Amino acid sequence: MLPGLVIPRFMMSMTRGFYQARGSFGRWCARHTGVSDYVYSCAEFGTYSPIRVLKALRLENQTYQRCSSLSDQLSDRPRIAHHRASQNLREVFCPASTVWRKQALVRATELIGSVFSED
């Protein structure tokens, strides 16, 4: 945590689960707004198991590397494999399921509402 950072009341019970992300979009926003008291928060909504996510990340990286190293060959197989791996990677971070998307929107709306509610 940053020295002097004030944690909003609604987040106090969740602080043990926080981690300091490096290279996050929040740091970029803070750096480019010129505002000294910028506060950024990011909520993650679970998708798939950590093992499935790691497999998707690894496979996308492997197929990307293979596609790059074989770019001079006539075969489209590496590019097709990378395209499929990229689609799978997109799915593990943002599922196409309308049920999941609706649930994530409901939870996000509740979270945002809790920020502005008076207890």
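Residues numbered from 1 in each chain as written. Predicted model: local features only at pLDDT ≥ 70, side-chain atom pairs only at ≥ 80, totals over all residues. Heavy atoms only, no water.

With that settled, consider the overall build of the protein. Each helix and strand in the protein was counted, giving four helices and zero strands. Along its sequence from the N terminus, the protein presents helices and strands in the succession α-α-α-α. Going through the 119 residues of the protein one by one, you find that 15% of them count as buried. Within the protein, residue pairs in contact and separated by at least 24 positions form 57% of the contacts whose partners lie at least 6 positions apart. (Helix = DSSP H or I, 4+ residues; strand = E, 2+ residues; numbered from the N terminus. Buried < 20%, exposed > 50% of the residue type's maximum accessible area, 1.4 Å probe, protein only. Contact = heavy atoms within 4.5 Å.)

Here helix H4 (residues 98–116) contains 19 residues, and its C-alpha end-to-end distance of 27 Å stays within 8% of the 27 Å for a straight helix at 1.5 Å per residue. Where H4 begins, one side-chain oxygen reaches toward the backbone nitrogen of Val 99, 3.3 Å away; that side chain belongs to Ser 97. (Expected span 1.5 Å × (residues − 1). Polar contact = N/O pair within 3.5 Å; in protein donor to acceptor, adjacent residues only side chain to side chain.)

Looking at where His 82 falls in the secondary structure, it is placed in helix H3 (residues 77–93). Non-local contacts of His 82, meaning those with residues more than four positions away in its chain, are made with Glu 60, Thr 63, Tyr 64 and Cys 67.

Just distances and angles here, no functional claims.
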